[in-house]
Amino acid sequence: MVWAIDASGRRGGPADSPGGSMSNRPSTRRRTRGGALVLAGTLLIAACGGGDDADDSSADTGTDAAVAPSGPVVISASGEPESLDPHRSSDPTQSLFMWEIYESLTSIENGEVLPLLATELPTMTSDTTWEVSILDDVVFSDGSALDAADVKYSLDRISNPDYGSARPEAKAISGTRVVDDHTVEISTPKLDPLLPNKLGNLKIMPEGKGDSVDEPVGSGPYMLESYDPGSQAVIVFNPEFRGEKPQVDEIVVKFIPDAETRIQALEAGEVDLVPNISPDDFDRVPKVITSELPVVTFLLRPNNYHPPFDDVRVRQALNYAIDREGIIETFFSEDTAVASPCQPGVPHTGDTNDDLEPYPYDPDKARELLEEAGAVGASFTFDGTTGVSALDREINQVIAQQLEEAGFKVELVLNDYTNYIERIYGTGESGSDLLYAFSTDSQASLEREVMAYYLPTGAASTFSDDRLTELVQAAAGHPQGEERQAAYDEMLEYACDEAALATLFSLKGLYGASDRIAYEPTGPVTAPQLSRIELVEG
Amino acid sequence: MAAPAVLVRRPPRLRGLTGRSARSAAIGRRLVHGLIVVAAVATVVFVVTRMTSDPVRRMLPIDATQEQYDELQAQLGLDRPLVEQFGSYAGDLVRFDLGTSYWLNRPVTDLLADRLPQTLLLVTAATGLALVGGVLLGVTASLRPGSKRDRVLSAGAMLGVSIPQFWLGSVLILVFAVNLGWLPTSGTGTWKHMVLPTIALALPSIARVAQTTRGAMIEELGTSHIKVAHAKGLPLGYIVGRHALRNVLVPITTIVGYELTYSLAGAAVIVETVFAWQGIGYLTIQAVRRQDLVLLQGIVFAIALLVVVLNLVVDVLYTVIDKRIDL
């Protein structure tokens, strides 16, 4: 069922934030096109002799306005990176190109953890120690060989409290020890079954190079040729790379903060790839590329500390009231989004319960539950977003409509990015009644989302349930294996029955691309693996 | 013959001082007033940013522990009492130490040194275009008030003032970069990169300068000394350029000074973001999004100082344009 937006009575929030990573301004684009027609018509009449020059797109267009067929591949990023230090924080712009320069012991592809610099996945030697063997043929871009000392240096640097890394994995390591030239023992502060996953985000640099991160030396397929802060970064093939040479020798990453400008740059032929485009822009770009699997899940976070969502029937009604397939049909397509199973995080990642399905759309059932709970007409504030993610304003309006039709009384507030950050971290009783949120996956496991949302002490939690807390702690304590999966299955099923969240839909990575490249992204949205880009012949 | 009507400001003279001493004292007084304004702005931005943002939370991942939060908060000095924080902040400002950006981990003064010239280049170009274009259009419209030409130009000015700059920027990119392919969509580097952002920034200013010029010129062209000049058979161009325009330079200077300030302190933020122009406007948006208090404070302080200096320059220009005006 396709939903039309009923905008009456919806209260808007702060103005759209420019340059959101998945922002869109569809009404602006319609005005833009109308105004452009008027302006273009005027110009055509006024400049009758100028048409010939306009046909030659490479003439008079500036130094790099149109990309030559065999020139570097140009990617647009939504902003400039915080720094060139891969250990400092989780910065998606930095990882866009720096993750081609540096490598880690493991990598994550399509939700699976694989060895990269390690010969095989690390093995647990005790509850708090792991051993990892390193490949013996890896050479950094400066010609030096990678060995255990480099791994120890890098991991110690990230985990050093004095260094103050803001990466989530920084606290995962309590110590390292060189066993031999190509073997390292890693200690963790407590049992941590996800250490191999976390190692996938910890980059290895040569010993001592932490003081010169502005001249990065890595073992990846590319190396940094130039960096113009705020403008662009250029990476070129690293001749010391041990693996297969990527087809593209040179990649330029341009920092373009405004989403509309990024699309226009693609339309003008100035860039080849724009990550995180909105479905609204599909008909404007030469080609749309999607990741094989979903990379982000959107959900609603109810607050069970006070009415109306302190009653499980009301939370279940919330879930039954949402037409997930309708939202997908209206705003996306079955090629780009799937209804989310009843668990946080992206589908097909580690620790998921494969038996859990999405709540079905059943507004009658929702109303029945509300009547049973004496909560028909229950009012609450729905904190949605605008300009934060793809078509969020419209989707939130449709969700509010669906909830009203089921019997809720909704006051919709649309928050820009800054307010959204405040809302997501507003936890406990004082947190939002209901919040539209999203989660990605950078560790091939649901654990981060489970900890954040299901534990009362979670960083984004407005949910408290003693039994769920018990189940989460029990599940997280198991090493990888069948027992862990069984514990996760039980915990996730309980959370689903309790409707701790209302998961909505999971979206694939959406990229706008020029016709001259082919690309199949398999990494998380934070690390798109640009070395997989190929030039299309012809 | 009656003396020509001229706009004259008559501020009070400083008792006992004359000539250059009076001028220097007046400039000094203006500077002191300006610094008080800067101090007030710096205080307001300190209070507002502390009340409305939590940069520690913004910098940490979603699953950060309270321990990590407390550690980072202490590292940034944000766990200290507000009064103590303000004391450090004020002391640093006096020494022109604007601190280190949380986001980029670089001294704010370095970032300003890198980015401010780009903004000044853009704003200067746009204001120059506004001056030339606005005066030309305003004078043209004023020569025959109420005529078809005047009505068209006035409507155009109204449109120019009303168009939102982010929309204008997108339209300019669509027409000139995407459809016609004449200019790049965004970025910096060559003169071609400057064209579209300059136009986007200048267009509303051209409209406002044109409106002000038109109004002042109509009034001036109606004065008796201009009528006498007509009666003497002087050419229109001579009358306009030699007599009328000189007498409206003061209001034109006022509006151009305003446009320069407005562009610097406001419009450049939007235009730089749309065109990925690497100036401090773009940096401001990023600082707000990332709740980088230090960077935001530094930018606001620098802009406030610049605005004070600009206003002083405009005040001095008045005295140059019309020697009867005192500071």
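Residues numbered from 1 in each chain as written. Chains lettered and ligands numbered in written order. Predicted model: local features only at pLDDT ≥ 70, side-chain atom pairs only at ≥ 80, totals over all residues. Heavy atoms only, no water.

Before going further, it helps to spend a moment on the sheet that holds strand β7 (residues 175-180) of chain A. Residue and element names in this part refer to chain A. Taken together, the 4 strands give an open sheet; going across it, the order is β5-β6-β8-β7, and neighbouring strands pair in antiparallel fashion. Lying at the two open borders of the sheet, with one neighbouring strand each, are β5 (123-126) and β7. Each neighbouring strand pair of the sheet contributes to a mean axis angle of 30 degrees, computed without reference to strand direction. Taken together, the 5 bridges between strand β6 (residues 129-133) and strand β8 (residues 183-187) define a ladder with antiparallel strand orientation. Bridge assignment links Glu131 to a residue of β8, and that residue is Glu185. (Pairing = 2+ DSSP bridges. Helix = DSSP H or I, 4+ residues; strand = E, 2+ residues; numbered from the N terminus. Axes fitted to C-alpha atoms, helices over the stretch in contact; angles between N-to-C directions.)

A negative phi angle characterises most non-glycine residues, just as the trans form characterises most peptide bonds. Omega for the peptide link from Pro307 of chain A to Pro308 of chain A comes to 0 degrees, which places this bond in the cis form. Within the secondary structure, Pro308 of chain A is located in the loop between β14 (287-302) and α7 (312-321). Even without a glycine there, the phi angle at Asn105 of chain B is positive, about 55 degrees. Looking at where Asn105 of chain B falls in the secondary structure, it is placed in the loop between α4 (82-94) and α5 (108-143).

Our focus in this paragraph is the packing of helix α7 (residues 165-179) of chain B against helix α11 (residues 249-274) of chain B. Residues and elements named next belong to chain B. In the contact formed by α7 and α11, the axes pass within 9 Å of each other and the chain directions differ by 30 degrees. Classified by the interaxial angle, the pair formed by α7 and α11 is roughly parallel. For α7 against α11, the interelement crossing comes out right-handed. Residue-level contacts link Gln165, Phe166, Gly169, Ser170 and Ile173 of α7 to Ala267, Ile270, Val271 and Val274 of α11. (Parallel < 35°, antiparallel > 145°, perpendicular 65-115°, else oblique. Left-handed = near helix turned anticlockwise from the far one by under 90°. Contact = heavy atoms within 4.5 Å.)

Before going further, it helps to examine the state of the cysteines. Disulfide: a covalent bond formed between the sulfur atoms of two cysteine residues. Residues and elements named next belong to chain A. Per the stated rule, a full pass over the model turns up 1 disulfide over all chains. With a sulfur-sulfur separation of 2.2 Å, Cys342 is cross-linked through a disulfide to Cys496. Across the disulfide from Cys342 to Cys496, rotation about the S-S bond amounts to roughly 120 degrees, and the bridge is consequently right-handed. Within this pair, whereas Cys342 is found in the loop between β15 (337-339) and α9 (363-373), its partner Cys496 is found in helix α14 (residues 482-497), the two being separated by 154 residues in sequence. (Disulfide = S-S within 2.5 Å.)

Moving on: the confidence of the model for chain A. Residue and element names in this part refer to chain A. Overall, the prediction assigns chain A a mean pLDDT of 86, with 87% of residues at 70 or greater. A low-confidence stretch, residues 7-28 (pLDDT under 50), is modelled with 64 contacts involving residues beyond four sequence positions or located in other chains. Long-range and interchain partners of residues 42-65, a stretch whose pLDDT sits below 50, account for 28 contacts in this model, where long-range means more than four residues apart. (pLDDT = per-residue confidence, 0-100.)

Residue and element names in this part refer to chain A. Across all of its chains, the model carries 31 salt bridges over all chains by this definition. A salt bridge links Arg167 to Glu169; the nearest nitrogen and oxygen atoms lie 2.9 Å apart. The pair Arg167 / Glu169 is uniform in exposure class, with both members buried. Bridged by salt links that share partners, the residues Glu260, Glu267, Asp281 and Arg284 form one connected network. (Salt bridge = Lys/Arg side-chain N within 4 Å of Asp/Glu carboxyl O. Buried < 20%, exposed > 50% of the residue type's maximum accessible area, 1.4 Å probe, protein only.)

Here we come to a negative patch on the surface. Among the surface-exposed residues, Asp354, Asp355, Glu357, Glu493 and Asp497 of chain A lie close enough to one another that they form a single negatively charged patch. Mapped onto the elements, Glu493 of chain A comes out in helix α14. (Patch = residues over 30% accessible without salt bridge, like charges linked within 9 Å, V, L, I, M, F, W, Y side chains within 5 Å. Areas by Shrake-Rupley, 256 points an atom, 1.4 Å probe, with all protein chains shown as cover. Lys, Arg positive; Asp, Glu negative; His and termini not counted. Charge placed at Lys NZ, Arg CZ, Asp CG, Glu CD.)

A few words now on the nonpolar core. Counting residues in hydrophobic clusters, the biggest one holds 90 residues, and the most contacted among them are Leu300, Phe382, Ile399, Leu403, Phe408, Tyr454 and Met491 of chain A. With residues up to four places along the chain from it excluded, the contact list for Phe382 of chain A reads Leu300, Asn396, Ile399, Ala400, Val410, Glu411, Leu412, Val413, Leu434, Leu435 and Tyr436 of chain A. Of all hydrophobic cores here, the second largest spans 82 residues; its members include Ala64, Leu168, Leu295 and Ala304 of chain B. (Core = buried A, V, L, I, M, F, W, Y, C linked by side-chain atoms within 4.5 Å.)

Moving on, we come to a nonpolar patch on the surface. A contiguous nonpolar surface patch, about 310 Å² in accessible area, is contributed by Val309, Val313, Leu317 and Val320 of chain B. Judged by its relative accessible area of 37%, Leu317 of chain B falls in the partly exposed class.

All names here are of chain B. Relative to the helices and strands, Thr198 resides in helix α8 (residues 191-221). Expressed as a C-alpha distance, the spacing of Thr198 and Gly222, which sit 24 residues apart in the sequence, is 35 Å. Leave out the neighbours within four places in its chain, and Thr198 touches Leu122, Ala125, Ala126 and Leu129. Among the polar contacts listed, one links the side chain of Thr198 to the backbone oxygen of Met194, at a separation of 2.6 Å. (Polar contact = N/O pair within 3.5 Å; in protein donor to acceptor, adjacent residues only side chain to side chain.)

Residues and elements named next belong to chain B. Where α5 contacts α8, the two axes come as close as 5 Å, and the packing angle between them is 35 degrees. For the crossing formed where α5 meets α8, the hand is right-handed. The residue makeup of the contact of α5 with α8, split by class, is 23 nonpolar, 7 polar and 1 charged. (Nonpolar A, V, L, I, M, F, W, Y, C, P; charged D, E, K, R; others polar.)

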